2 protein chains.
Amino acid sequence: MPVPAALRLDPVGKSLTSAQKAALDAAWKDGVATTLLSTTLAASGHPGGSLSCLHLMLTLYGASNMTPENVHAEDRDVFIVSNGHISPGVYSTLAAFGFINHDDVRIGFRRAGSAFAGHVETKVPGVEWNTGNLGQGLSAGVGAAMARKLRGHDAWTYVLMGDGEQQKGQISEARRFASKFGLNKLVAIVDRNFLQIGGDTNQVMPQNVDAEFAAAGWNVLTVDGHDWDAIYATYTKIRRGEVANPAQPTCIIAKTTMGKGVKFMENSAHFHGTAASDAQLKEAFQALGIPDRLDELRKARATTKPWAGLEEKVHPLPALDNGTAIVRTASTDCRSAYGDVLEDLAKRNNPAGKPPKVVAVSNDLEGSCKMSGFRKAAPHAFLEGGIQEQNNAVVAGRLAREGFLSFFSTFGVFGVCETYNNQRLNDINHAGVKIVCTHLGLDVGEDGPTHQNIDYVGLLRGTFGFEIYLPVDPNQTDHVVRYCARTAGNQFVGMGRSKMPPMAKPDGTPFFDASYVFRPGKMDVYREGTDVAVITMGAAAVYAIAGAALAASRGISVRVLFSPSIRPFDREAVGAAARLKGILTVEDHSVNTGLGQLVAETVGDLGLKTRLKRLGVANYASSGPSTDVFAEQGMSPENIARELERLAKG
Amino acid sequence: MPVPAALRLDPVGKSLTSAQKAALDAAWKDGVATTLLSTTLAASGHPGGSLSCLHLMLTLYGASNMTPENVHAEDRDVFIVSNGHISPGVYSTLAAFGFINHDDVRIGFRRAGSAFAGHVETKVPGVEWNTGNLGQGLSAGVGAAMARKLRGHDAWTYVLMGDGEQQKGQISEARRFASKFGLNKLVAIVDRNFLQIGGDTNQVMPQNVDAEFAAAGWNVLTVDGHDWDAIYATYTKIRRGEVANPAQPTCIIAKTTMGKGVKFMENSAHFHGTAASDAQLKEAFQALGIPDRLDELRKARATTKPWAGLEEKVHPLPALDNGTAIVRTASTDCRSAYGDVLEDLAKRNNPAGKPPKVVAVSNDLEGSCKMSGFRKAAPHAFLEGGIQEQNNAVVAGRLAREGFLSFFSTFGVFGVCETYNNQRLNDINHAGVKIVCTHLGLDVGEDGPTHQNIDYVGLLRGTFGFEIYLPVDPNQTDHVVRYCARTAGNQFVGMGRSKMPPMAKPDGTPFFDASYVFRPGKMDVYREGTDVAVITMGAAAVYAIAGAALAASRGISVRVLFSPSIRPFDREAVGAAARLKGILTVEDHSVNTGLGQLVAETVGDLGLKTRLKRLGVANYASSGPSTDVFAEQGMSPENIARELERLAKG
C-alpha cells in the first residue's frame, strides 16, 4: 500500500493541514485495527499501551526522516522503542509508513518463528533495537545519538518509553550520559498514562518524572499525546531548537490514556497485557466503523507464515588498519598490552578532524584499564561514562551496531556480573561489541570477593553469541584484541591485573612471537608431555606452568595446554589429552561453571572417559595478594604439581 | 581499650562540649594512624576516602545507638557503608568505639584469610553489610529501615555513600522506594569530595546530587564534613525531626576533602586507591605527632594472624508455622501453588496488629506472580517495589538478614538475569533470601527471547551459596516452597507460566500426594525403566513425560527422573542412570550451562561413561505459544521419543 503524501509532514513546520490530519486519522484507524486484530488473534499481547502511543508514533514518523528506503543509512533519524511490549502499535505505525504490511502483522503476530514478536525485534525493518526488558531503550538511544554526533550528521534520535518504566535505575544513568555529552538531538518521549501492569503508577511507585529529567539538565516539555496538532507542534519546535536550552536533550512528557480510542480499554490496567475477546473486538470495530475480518484472518494464521524474508541484517565492521602485534620481552601486564593495541588502533583509524571509526567506552577506570593512550590519541572517540556500567554497556553495544568498532572496558565484575543482562541484550541485538575486562578472576589485587569475577565463563556461556577469550600473557593479549578488532560479532576478552614475564619457549624467546597467529577454537601446546595434561587459561596460566615445571622436575611428563579460546572451544585437543593418564584443569574461575566443567562436558560428548581433576575457585575467596589468594584456593605451584603427580601415578 | 565516656554523645543534644571534641580529636588521630598504617603496610587500599569520611563516622557512632554489645539487637541503629573501599576508615571508627582493636586492623588488613578485607565484610563486628560494588548500600539501608519500621522500633538507619557512586542507577530506585514507604528514620550521607577514581566528579560525570534526592521527596541538608560541631548539630537535628518534611527520609550532603588531615593526600584522586609510601607515612605522622611504629607492625604482619575468632554470624530463620502442603487434583499452574503457600504463611504468621514475620517483595508483577493472596492477608508485609528489581532484590536480601522470612518474586529474567549481581552480593552476605521466579525458561508465554530466562542454572551456579530448585508441578511447588520457608539459607525456586494437570502415579492419583516429602538433592523416580533414562526439571517435565510415554508405547522401557533439586544435586541417581543404555536430558534451559551439562560433569566425576543426549535451548528462541517454542527447540514429545529410541537402540 503506497504511503499517502499527506502523511509526510514538514519536520520543522508550524501546523498541520486538514488533509494531513485526515491522513493521520485514517492511519490511526488502520493501526487500531491492526493492534486489536493481532492481539485478539494471538490471544495475548499489549493493546493498551499500543493505543496509548499510536498518535505519538504516527506523527513522529510523519515528521522525521525515517523511511523504508533509508533504514540502513547512517544519517537517518532513529526511533527506538524502549517499551518493546507495545509492538502491535509499532508494527501498525511501520505499516502506515510502508515498512511492512498490516495484514502480515495481523496474521504473524506472536507466532513461533515469526518476526512479528511480542516484543519488537530488529528482524522487522524499521525496528532499531530489540527491547522488552524495560529501561534499556534510552541507553540505546544515547548510543544512536552519539553515533550521529561523532559522524557530524544532522539527524535526530527519538526514544519512546513507558511511564512505569521510568522507575528503572538505568534510565537515570542514561539521562546523565546524554547531558554530559550534550546530545541535543536526542528526544525522549514518555508515554505518561499513569498506568503500569500493577495499576496506578502513583500507587505502585510514586515518581516525579519531570523533576528527574530536569535535575539531569534536560529540557522538559508536556503535550497532550492524542492531539495531532499539539504533538506535531512539539516535535517541530524541538527540531527548530526552540527549547529552554538548545544545547541539551529534550524530554516530552506525553499525557496519554491507556487504550485510547477503544472505550472499554481506556484507563484500564487490565488491557496493559491482555487482548480483547472476539466479542469485545467486534464491539470496538463497530463503534469505530472498522470492517470485521476476524474469521478470515484467523484462517490465514493457521495456514500462512507471512514473515518470510524478514531476517536480521548484521552490520559489518568498518574497514580498519589493524596494525601488527608487538612482541614484548619484558615483564608487563596484559592490560597494558590491551592499552597498546587500543592506542595503536586509534592512531591508525581515528585521524584528528575526521569522524572516528573506533570508539572506547570507559567506566571511571580509564587508568586501571589502560585506556589513557587511546584517550590521548583520539579524545573525541573516548567516551567516559562514569560509574554507570549498565547504561554504558548498552551505549557501547549500540555504537557497535551503528558500525563503529566499539570497545567497552572495566573490571570483570562490572563488565560481566553487574551488566550481565545488558550484555545478554547486546547479544540478542547482534550488537557486535568488544568487551575487554581487566582485573578478572582472582587476580584483582586485594579487593576481595565482591570484586572477584569468578563466573565469567559460566555467565557468558549463558548467552549464545559471545565469543570468549582469555589470553595467557601480554603478547597473546595483543594478538587476541587485534583479532577481535578485525572480526565481526560480540566478543569478550578477559585478563587479570598482575604483571608477568611473557610466556617463553624452552629457548627463552617469547612463546607468542612474530610468527604466532591466534586461531579461535585452538589451544596452544606450551609444552609437550606424555603422562598427563594440564589445561589452563588467562591469569591462572602462570600458576599452571609453575606447577607443571615443578612436576616435570620430579619426573612427570606434562603436556601444558593454554586454552585462550573458550568459545569456540578446542574439543580435539581435549580428546587427545583424554588419552593420557589424566587431565588437570587450572582456572581462576568457579570450578562449577568454567573451563573444568567445559572439559568434563567435552570428554563426555566425545564418548570418552578420563581421570579429570578440576582446580579452581571452590568458594568465595578472600582479600589478599593474588598469589596468596590462588594458594588459598588450592592453586599454589606445589599443589598443582601434587595433583599432576597424583594423576600420573594413577 | 575502653571507650572514653566523652565519645558517647547525646543523639538529640544541641552542642558538643570541649571534652567531647577533644575525645573526638584523639579518636580521629588514632584513626588516621590506623588508616595510614594499614594501607601502607598492605601496600594497597583506599586511604583518601577513609580520611574524607572519618569525622562523619566518628561523630555518628558517638551520637547513635551502635555498640559492641548491641550488634545483633533488632532495635539497634544501623550504619551501612556503601562505599566499602573506605574500609580503613570504617575499621578505625569501629576500633574507636571498642568493636575491634586498632593494631589488629593495622596488622591484618588485606591479608588472605583476614576479616579485615579490602572492602568491608560482616565478619568484622559492627560491619552490617558486605559492600564493594557501588550503589548497593542505600538499598540495604532501605531494607534495614523497613525492618525497623515493620517491627515498630524507634531506631535509625544510616547509609554512607561516595559521591562518584551517586552515578549508579540503583540509587535512584532506592531513593524512590524509601520515599514511597515514608522511611523517615533513614539517613543517607553523601561524602561529597568531588573526586572519584578518574578525577573530578564534574568532569567524569556531572550530576546534581541534591536535586536528584529532592526530586524523590527527600529532605536535603548540607554540612561541612570535617567540622565536629556542624556534623553533630546536623545529626541531632534530624533525630529531633527538625527537617522540612519529617515524614520523609533525609540526605546529608557532606562537603569533604579527600585525604583530609594528611597534607599530601588532600584533594588528590591519586590517593583514592593508593597507599602512602613509607617515607610519606613518616612525614604525615611527624606532622600530626603520631609515633612511628611501622617496623614493629610490619614484623607483626609476617608472624601474626589477628583475625582469629572473627566469623560470620548467620542469622536463623524466625520460628514459623509452615502449615501443610495441599494436594491438588485439578489442573493449575505452579505459580498459583506458590501463591497458595504465600497466603497460608501470611495467615499463619502475620496476624494483624503485630509485626510480621514473613515479608514479600514484589516487582510490579503481583498478579502474574500470584502474590495477591499474601497482600490481602498481610498488606503491611507486602512490599510493592515497582519496576526496580535491583533495589528490590537487595531490600529483600537485607530483610532476610534482619531475620524475616523474605520472599522476592518476579519473572525469571528479572529475578536472575537482570539482578544477577545483586543476588550474588546477597549470597556473599549470607542474606538468606528466598527468590521465587515465575515465567522461567521458555514457558513465558509469547514474550520472546528478551523474556526467556534460559540461563538460571548456569548463573546461579556461578554463586556458591544459592540452592536451586525447579519443581515439576504445582503440588511439588507447594512442598518446595514450604521447605524453603523452614530452611535457612539463600534459595531459588523457579517455575513456568502454564497450567498443567498435576503429575500422576500410574493409578491416576497425584504423584506428589500427602505422603510425599521433598528431599533436597534427591531425584524423583516418576516411572521405572530399564533401557534408558530421561532426566528433566521444572517446566520441561511435561514435555519429557509426554515423550517418554510415546517411547514407552513403542516398546522402550524409560526411567523418568525428575530433578527438582539442582543444587544440591543427586549424583547417585545419575550414576545409576549411567548404567543404562543412555541418558536423555530435557530442559528449558541452555544446553550449554544447565541440567544436561551438570549430568555430563557428574558422569565424568563419577569416573563413568555413558551415552548422553542433551535436549534443551540451543539458541535464542522465538515469540510464540510455549508448546510451539519448545517444539522449535527440539522438545516436541515426538522428538523426545525419537531421541529415547535412538539411545535405546544403541
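Here the structure is a predicted model, which is why all the values come from computation and not from measurement.

**Quick look at the relation of the copies chain A and chain B**
Right, on to step 1. With an RMSD of 0.0 Å, the fit of chain A onto chain B corresponds to turning through 180 degrees and sliding 0.0 Å along the axis. The operation mapping one copy onto its partner corresponds to a two-fold rotation axis. Residue Gly169(A), judged by its C-alpha, is the member of chain A lying nearest the rotation axis, at 1.9 Å.

**Things to note about the packing of aromatic side chains**
Right, on to step 1. Across all of its chains, the model carries 46 aromatic pairs over all chains by this definition.
Right, on to step 2. Ring plane angle 55 degrees and centroid distance 6.1 Å describe the contact between Tyr338(A) and Phe407(A), whose orientation is recorded as tilted. Of this pair, Tyr338(A) sits in helix α12 (residues 334-349) while Phe407(A) sits in strand β11 (residues 405-411); the two residues are 69 residues apart in sequence, bridging distant segments of the chain.
Right, on to step 3. Since its relative accessible area comes to 0%, Tyr338(A) is described here as buried.
Right, on to step 4. Since its relative accessible area comes to 0%, Phe407(A) is described here as buried.
Right, on to step 5. Judged by centre distance (6.4 Å) and plane angle (35 degrees), the ring pair of Phe512(B) and Phe562(B) falls under tilted.

**Comments concerning the interface of chain A and chain B**
Right, on to step 1. In this assembly, 97 residues from chain A lie in contact with 97 residues from chain B.
Right, on to step 2. Looking at the side of chain A facing chain B, the largest losses of area belong to Arg176(A), Phe464(A) and Tyr620(A), adding up to 10% of the total buried there.
Right, on to step 3. The tally of links from chain A across to chain B stands at 14 salt bridges.
Right, on to step 4. For the pair chain A and chain B, the interface holds 58 residue pairs in polar contact (both at pLDDT 80 or more).
Right, on to step 5. Partitioned by chemical class, the residues of the side of chain A that touches chain B number 30 nonpolar, 41 polar and 26 charged.

**Digging into the confidence of the model for chain A**
Low pLDDT marks regions whose predicted coordinates should not be analysed in detail.
Right, on to step 1. Averaged over chain A, the pLDDT score is 97; the fraction of residues at 70 or greater is 100%.
Right, on to step 2. With a pTM of 0.98, the predicted complex shows an ipTM of 0.97.

**Thoughts on the environment of Thr410(B)**
Right, on to step 1. The topology assignment puts Thr410(B) in strand β11 (residues 405-411).
Right, on to step 2. A C-alpha to C-alpha distance of 19 Å links Thr410(B) and Ala140(B), two positions 270 residues apart in sequence.

**Brief notes about the side chain of His451(B)**
Right, on to step 1. If you trace the backbone, His451(B) turns up in the loop between β12 (434-438) and α17 (456-460).
Right, on to step 2. For His451(B), a relative accessible area of 4% puts it in the buried group.
Right, on to step 3. Excluding residues that lie within four positions of it along the chain, His451(B) makes contacts with His119(A), Gly132(A), Asn133(A), Phe411(B), Val413(B), Phe414(B), His439(B) and Val444(B).

**Comments concerning the sheet that holds strand β17 (residues 532-536) of chain B**
Residue and element names in this part refer to chain B.
Right, on to step 1. An order of β16-β18-β17-β20-β21 is seen for the five strands of this open sheet, with the pairing classed as mixed. Every interior strand has two partners, whereas the edge strands, β16 (524-527) and β21 (612-617), have only one. Adjacent strand axes in the sheet meet at a mean angle of 25 degrees, parallel and antiparallel pairs treated alike.
Right, on to step 2. Note that β17 and strand β18 (residues 558-562) share five bridges and pair parallel. Note that in β18 the partner of Ile535 across the bridge is Leu561.

**What about the pattern of salt bridges?**
Right, on to step 1. The tally for this structure, following the rule as stated, stands at 91 salt bridges over all chains.
Right, on to step 2. Arg110(B) is paired through a salt bridge with Asp447(A); the nearest N and O atoms lie 3.2 Å apart. Remark: Asp447(A) occurs in the loop between β12 (434-438) and α17 (456-460) and Arg110(B) occurs in the loop between α4 (102-108) and α5 (137-151); the pair is interchain, linking two chains.
Right, on to step 3. The class for Asp447(A) is buried, based on a relative accessible area of 11%.
Right, on to step 4. Measuring nitrogen to oxygen at the nearest pair gives 2.9 Å for the salt bridge that ties Glu645(B) to Arg554(B). Of this pair, Glu645(B) sits in helix α23 (residues 637-649) while Arg554(B) sits in the loop between α19 (541-553) and β18, and the two are 91 residues apart along the sequence.
Right, on to step 5. Overall, Glu645(B) belongs to the buried group, its relative accessible area being 14%.
Right, on to step 6. Exposure remark for Arg554(B): the relative accessible area of 37% places this residue in the partly exposed category.
Right, on to step 7. The network of salt bridges with shared partners includes Asp321(A), Arg328(A), Asp340(A), Asp344(A), Arg348(A), Asp478(A) and Arg482(A).

Analysis parameters
Residues numbered from 1 in each chain as written. Chains lettered and ligands numbered in written order. Predicted model: local features only at pLDDT ≥ 70, side-chain atom pairs only at ≥ 80, totals over all residues. Heavy atoms only, no water. Least-squares fit on C-alpha atoms with pLDDT ≥ 70 in both. Phe/Tyr/Trp six-rings, centres within 6.5 Å; stacked < 30°, edge-to-face > 60°. Helix = DSSP H or I, 4+ residues; strand = E, 2+ residues; numbered from the N terminus. Buried < 20%, exposed > 50% of the residue type's maximum accessible area, 1.4 Å probe, protein only. Contact = heavy atoms within 4.5 Å. Buried area = accessible area lost by both parts, 1.4 Å probe. Salt bridge = Lys/Arg side-chain N within 4 Å of Asp/Glu carboxyl O. Polar contact = N/O pair within 3.5 Å; in protein donor to acceptor, adjacent residues only side chain to side chain. Nonpolar A, V, L, I, M, F, W, Y, C, P; charged D, E, K, R; others polar. pLDDT = per-residue confidence, 0-100. Pairing = 2+ DSSP bridges. Axes fitted to C-alpha atoms, helices over the stretch in contact; angles between N-to-C directions.

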